[in-house]
Amino acid sequence: MHEHWLKRWEEGRIGFHRDSVHPALIRHWPMLGVVPGTKVLVPLCGKSLDMRWLAEQGHPVLGLELSSLAIEQFIAEGEGPVSRYTQGDFTCCRQGSIELWCGDFFHFHTAQAAELAAFYDRAALIALPEATRQRYAFHLAQLLLPGTRGLLISLVDTQSPEGGPPYSVDHDEVERLFAPNFELTLLETLPPEAGGKQESVWSLVRRGPRQDTGPGE
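Residues numbered from 1 in each chain as written. Predicted model: local features only at pLDDT ≥ 70, side-chain atom pairs only at ≥ 80, totals over all residues. Heavy atoms only, no water.

S.K.: Can you explain the nonpolar core? Please cite residues and give values.
M.R.: Counting 31 residues, the largest nonpolar core has Leu 41, Leu 64, Phe 108, Tyr 136, Leu 140, Phe 178 and Phe 182 as the members making the most contacts within it. Mapped onto this core, the elements with two or more residues apiece are strand E2 (61–65), strand E4 (90–95), strand E6 (116–121), helix H5 (130–143), strand E7 (149–157), helix H6 (171–178) and strand E9 (197–206). At 5 residues, the largest contribution of residues to this core is made by H5. Once residues within four sequence positions are removed from consideration, Leu 41 is found in contact with Leu 62, Leu 64, Phe 108, Leu 116, Ala 118, Phe 119, Tyr 120, Leu 140 and Leu 143. Core analysis: the second largest hydrophobic core is formed by 24 residues, Met 51, Leu 100, Cys 102 and Tyr 120 among them. (Core = buried A, V, L, I, M, F, W, Y, C linked by side-chain atoms within 4.5 Å. Buried < 20%, exposed > 50% of the residue type's maximum accessible area, 1.4 Å probe, protein only. Helix = DSSP H or I, 4+ residues; strand = E, 2+ residues; numbered from the N terminus. Contact = heavy atoms within 4.5 Å.)

Encoded structure:
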């Protein structure tokens, strides 16, 4: 799976990247009640412009991304000096209030997540095959303290549900994956796009306490 995504970035096959901020983020993030200054985790972030929007709202942002190309493109398209450092298994850089950590999301652990109190997932869950999505949902829950709030945008492919990535993740699966550790609220289901892809927007609030074991751990 790692090789697949790295190759897509190398070949420029990044149709999943949006050249504008996702309108659902703009509509729904203020409703979560996440106060400015709260640090936001963005897993599998790519070079998403959503991170810049979150930073403009006063949030420090920590993006996790496997591809160094994605991170370097994000930095090149931004403004301001860049600092570089390492943190455990990750090579990291900071530009303004945005930190980008290059490495495997599943190697990011709770001690590194201590300052995080919000999250945003537009393209992480749907980038993962079914066998990995349960592990992702559990690991995300492991990282976050009770009360942590986040926004999740999922995707249902009404024409080719077996295709991907991005993968089709229906409402039942979202609830099955996240309900054990999060309070879930479906905020909006967007009209289908050309090709039959339909996004849904969810509010998540981390239940407590953290668990110690789970799938793939």
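That covers the picture; the talk isn't over yet.
S.K.: I'd love a proper account of the pattern of salt bridges, names of residues and values included.
M.R.: With the rule as written, the count across this model stands at 8 salt bridges. When the shortest N-O distance is used, the salt bridge between Glu 99 and Lys 39 registers 2.7 Å. With a gap of 60 residues between them, Glu 99 in strand E5 (residues 98–102) and Lys 39 in strand E1 (residues 39–42) connect regions that are remote in the sequence. Lys 39 carries the same exposure label as Glu 99, and that label is buried. Taken together, the shared-partner salt bridges connect Lys 39, Arg 94, Glu 99 and Glu 115 into one network. (Salt bridge = Lys/Arg side-chain N within 4 Å of Asp/Glu carboxyl O.)

S.K.: Break down the sheet that holds E6 for me, with residues and values.
M.R.: Pairing within the open sheet is mixed, and its 9 strands lie in the order E3-E4-E5-E2-E1-E6-E7-E9-E8. The sheet terminates laterally at strand E3 (82–87) and strand E8 (182–189), the two strands that pair on one side only. Ignoring which end each strand starts from, the neighbouring axes of this sheet average 25 degrees apart. One ladder, built from 3 bridges, connects E1 with E6; its direction is parallel. Paired with Lys 39 across the strands is Leu 116, a residue of E6. Running at roughly 115 degrees to E8, H5 makes contact with E1, E6, E8 and E9 of the sheet. (Pairing = 2+ DSSP bridges. Axes fitted to C-alpha atoms, helices over the stretch in contact; angles between N-to-C directions.)

S.K.: How would you summarise the packing of H5 against H6 if you had to cite specific residues and measurements?
M.R.: Closest axis-to-axis distance for the H5/H6 pair is 9 Å, and the angle between their directions is 45 degrees. It follows that H5 is oblique to H6 by the angle criterion. For the element pair H5 and H6, the recorded crossing hand is right-handed. Within the contact between the two elements, H5 uses Glu 130, Arg 133, Gln 134, Tyr 136, Ala 137 and Leu 140 and H6 uses Glu 173, Leu 177 and Phe 178. (Parallel < 35°, antiparallel > 145°, perpendicular 65-115°, else oblique. Left-handed = near helix turned anticlockwise from the far one by under 90°.)

S.K.: Describe the packing of aromatic side chains, naming the residues involved and giving the relevant values.
M.R.: To describe a pair of aromatic rings, one takes the distance between the centres and the angle between the planes. For the structure on display, the rule yields 7 aromatic pairs. With a centroid separation of 5.4 Å and an interplanar angle of 80 degrees, the aromatic rings of Trp 101 and Phe 108 are classed as edge-to-face. Residue classification places Trp 101 among the buried residues on the basis of a relative accessible area of 4%. Among the aromatic side chains, those forming a connected cluster through ring pairs are Phe 90, Trp 101 and Phe 108. Above the plane of the ring of Phe 106 lies Arg 135, whose end atom (NZ or CZ) is 4.0 Å from the centre. (Phe/Tyr/Trp six-rings, centres within 6.5 Å; stacked < 30°, edge-to-face > 60°. Lys NZ or Arg CZ within 6 Å of the ring centre and 35° of its normal.)

S.K.: Kindly report on unusual backbone geometry, identifying the contributing residues and their values.
M.R.: Unlike most non-glycine residues, Leu 44 shows phi in positive territory, near 50 degrees. With respect to the helices and strands, the residue Leu 44 is situated in the loop between E1 and helix H3 (50–56). Relative accessible area serves as the criterion here: at 26%, Leu 44 is assigned to the partly exposed category.

S.K.: Can you tell me about the environment of Pro 146, naming the residues and giving the values?
M.R.: Relative to the helices and strands, Pro 146 resides in the loop between H5 and E7. The exposure class of Pro 146 is partly exposed, given its relative accessible area of 45%. Along the primary structure Pro 146 and Arg 206 are separated by 60 residues, whereas in three dimensions their C-alpha atoms are 4.9 Å apart.

S.K.: Report on H6, specifying residues and quantitative values.
M.R.: Taken residue by residue, H6 has Glu 173, Val 174, Leu 177 and Phe 178 as its buried positions. The buried residues of H6 occupy one face: seen down the axis, they fall within an arc of 110 degrees. Those residues of H6 that are exposed and aimed more than 90 degrees away from the buried face are Asp 172 and Arg 176. Elements in contact with the buried residues of H6: H5, E7, E8 and E9. The backbone nitrogen of Asp 172 has a side-chain oxygen 3.3 Å away, supplied by the residue at the start of H6, namely Asp 170. (Arc of directions from axis to C-beta. Polar contact = N/O pair within 3.5 Å; in protein donor to acceptor, adjacent residues only side chain to side chain.)

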